[in-house]
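An overview of the molecular structure
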Amino acid sequence: MDDNGYMALALDLAREAGAAGEVPVGALVVSDGEIVGRGFNQPIGRHDPTAHAEIMALRDASSRLGNYRLPGCTLYVTLEPCAMCAGAIMHARIERVVFGARDPKTGAAGSVIDLFAESRLNHHTVIADGVLAEECGQLLSSFFAARRGRTLVA
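Residues numbered from 1 in each chain as written. Predicted model: local features only at pLDDT ≥ 70, side-chain atom pairs only at ≥ 80, totals over all residues. Heavy atoms only, no water.

Let us now look at the packing of aromatic side chains. This structure, assessed with the given rule, holds two aromatic pairs. A centroid spacing of 5.2 Å and a plane angle of 80° characterise the contact between Phe143 and Phe144, whose relative ring orientation is edge-to-face. (Phe/Tyr/Trp six-rings, centres within 6.5 Å; stacked < 30°, edge-to-face > 60°.)

Attention now goes to the nonpolar core. Among the nonpolar cores identified, the biggest contains 40 residues, and Met7, Leu28, Val29, Leu75 and Ile94 are the most heavily contacted of them. Broken down by secondary-structure element, the contributors of at least two residues to this core are α1 (3–19), β1 (26–31), β2 (34–40), α3 (53–65), β3 (74–79), α4 (83–91), β4 (96–101) and α5 (133–153). Per element, the largest residue contribution to this core is six residues, and it comes from α1. (Core = buried A, V, L, I, M, F, W, Y, C linked by side-chain atoms within 4.5 Å. Buried < 20%, exposed > 50% of the residue type's maximum accessible area, 1.4 Å probe, protein only. Helix = DSSP H or I, 4+ residues; strand = E, 2+ residues; numbered from the N terminus.)

A few words on unusual backbone geometry. Most peptide bonds take the trans configuration, and most residues that are not glycine carry a negative phi. The phi dihedral of His47 falls on the positive side, at around 55°, and the residue is not glycine. Within the fold, His47 resides in the loop between α2 (43–46) and α3. The class of His47 is exposed, set by a relative accessible area of 73%. The phi dihedral of Leu132 falls on the positive side, at around 55°, and the residue is not glycine. When you line up the elements, Leu132 lands in the loop between β5 (126–129) and α5.

Time to look at the side chain of Arg93. Considering the arrangement of structural elements, one finds Arg93 in the loop between α4 and β4. Buried charge Arg93 goes without a salt bridge, the closest partner of opposite sign being Glu95 at 11 Å. Other than its neighbours up to four places away in sequence, Arg93 contacts Arg69, Leu70, Pro71, Gly72, Asn122 and His123. (Lys, Arg positive; Asp, Glu negative; His and termini not counted. Salt bridge = Lys/Arg side-chain N within 4 Å of Asp/Glu carboxyl O. Contact = heavy atoms within 4.5 Å.)

In terms of residue burial, β2 counts as a mostly covered element, since five of its seven residues are buried. Here six bridges tie β1 to β2, and the two strands are oriented antiparallel to one another. Bridge pairing in β2 places Leu28 opposite Arg38. Linking two consecutive strands that pair antiparallel, namely β1 and β2, is a turn of two residues; a positive phi of about 50° is found at Asp32 within it. (Pairing = 2+ DSSP bridges.)

Attention shifts here to the environment of Ala19. Relative to the elements of secondary structure, Ala19 occurs in helix α1. In sequence terms Ala19 and Phe143 are 124 residues apart; their C-alpha atoms lie 9.6 Å from each other.

Residues Cys85, Ala86, Ile89 and Met90 constitute the buried set of α4. An end-on view of α4 places all buried positions within 135° of arc, on one side of the element. Close packing links the buried residues of α4 with α3, β3 and β4. Immediately beyond the C-terminal end of α4, within one or two residues, lies Arg93, with a positive phi of roughly 65°. (Arc of directions from axis to C-beta.)

And the structure:
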């Protein structure tokens, strides 16, 4: 499967988050062509500010692989990681991150800051962006437009 195929699966996870009333972001971890971790945003439902899609996918992969380090793995996520998730990604030693839509408000892979480019850090993750960006962005835009519509009616 290629990057587009994995991102399409991450979009399915994002839709699952949206259906649960969470911001629709989905993520998965791939090792040697096998999906070893899945996650979607769940901070509201879990009452946990760290339950972002990336963190959930990293937790799932670490549990399945029996290691908190995930070298050689690729993380696919529908939205550019925030600073918290970027830190977790680097601590997990993820080799590559592929994301869809940029996040101009909290993105930590170049939109607001670029933690992955910080030369003083001891791990450097390769970043690929823009994979199915239009679909990822549209899912988020539709979610927030619907939320604003409900807020205006209430």
